[in-house]
Amino acid sequence: MEESAAKPTRKERIMEELKECGVVMGYLAVSLSLLETYKSLILLQQGVHAFQHNYLVALVEAVAYGKIVVLTQNLPFVKACDKHSLARAVLYQSIVMTLITDVGGKVEDMLFPRSAKFLAQSGDPLALMITHNLAAMCIFITLYTVRGLDERLGPGKLWKLIFGPREEAQT
């Protein structure tokens, strides 16, 4: 019993960090692929078939943002609202990550100006930016809500609550 209360080994901590990073990256890969599908369909209306390119961008972004989420989770500016309600902390962290993804999108537009030009021609650029950022915000709200609940309930309890069998009430 004392072994389970012992401090985790370095290897166990690394494996836990890798698992956490993998889960975050997987969630972001699926979510960002949905956003890239939206972008690809808009570009397809302009005669540009960019699905493969956009899905590759989504995977690269998922890896980058996943690493950012895991690496920055304990930084003071990210934890600034942790002493407040979960809703406030989630909203703050989601805004920070949405701003980071917006900067990443601007870098992508500079690296791939042809796609950016066709995307801008496909509709109102302000409306496209707002919808993209709103969707990104929703992705991060979901991510940080789940992470916050898991942290507050205790590691693994949220997973068990959602995916575990329903425990019958004691009579």
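Residues numbered from 1 in each chain as written. Predicted model: local features only at pLDDT ≥ 70, side-chain atom pairs only at ≥ 80, totals over all residues. Heavy atoms only, no water.

*Asks:* Looking at this structure, I do not really get the packing of helix α3 (residues 51–72) against helix α4 (residues 86–111). What am I missing?
*Replies:* How two helices sit against one another is set out by the angle between their axes and by the gap between those axes. For the pair α3 and α4, the least separation of the axes is 12 Å and the interaxial angle reads 140 degrees. Between α3 and α4, the crossing angle belongs to the class labelled oblique. For α3 against α4, the interelement crossing comes out right-handed. Every residue of α4 that contacts α3 at His53, Asn54, Val57, Glu61, Tyr65, Ile68 and Val69 is listed here: Met97, Ile100, Thr101, Gly104 and Glu108. Along the lines of polarity and charge, the residues of the contact of α3 with α4 split into six nonpolar, four polar and two charged. (Axes fitted to C-alpha atoms, helices over the stretch in contact; angles between N-to-C directions. Helix = DSSP H or I, 4+ residues; strand = E, 2+ residues; numbered from the N terminus. Parallel < 35°, antiparallel > 145°, perpendicular 65-115°, else oblique. Left-handed = near helix turned anticlockwise from the far one by under 90°. Contact = heavy atoms within 4.5 Å. Nonpolar A, V, L, I, M, F, W, Y, C, P; charged D, E, K, R; others polar.)

*Asks:* I'm lost on the pattern of salt bridges in this one. Help?
*Replies:* Pairing is possible between side chains that carry opposite charge, provided their charged atoms lie close to one another. A complete count under the given rule lists one salt bridge for this structure. A salt bridge links Arg147 to Glu20, with the shortest nitrogen-to-oxygen separation between them at 2.9 Å. Here Arg147, found in helix α6 (residues 125–153), pairs with Glu20, found in helix α2 (residues 10–45); they are 127 residues apart in sequence, far enough to count as distant. Taking the relative accessible area as the measure of exposure, Arg147 reaches 19% and is therefore buried. Taking the relative accessible area as the measure of exposure, Glu20 reaches 21% and is therefore partly exposed. (Salt bridge = Lys/Arg side-chain N within 4 Å of Asp/Glu carboxyl O. Buried < 20%, exposed > 50% of the residue type's maximum accessible area, 1.4 Å probe, protein only.)

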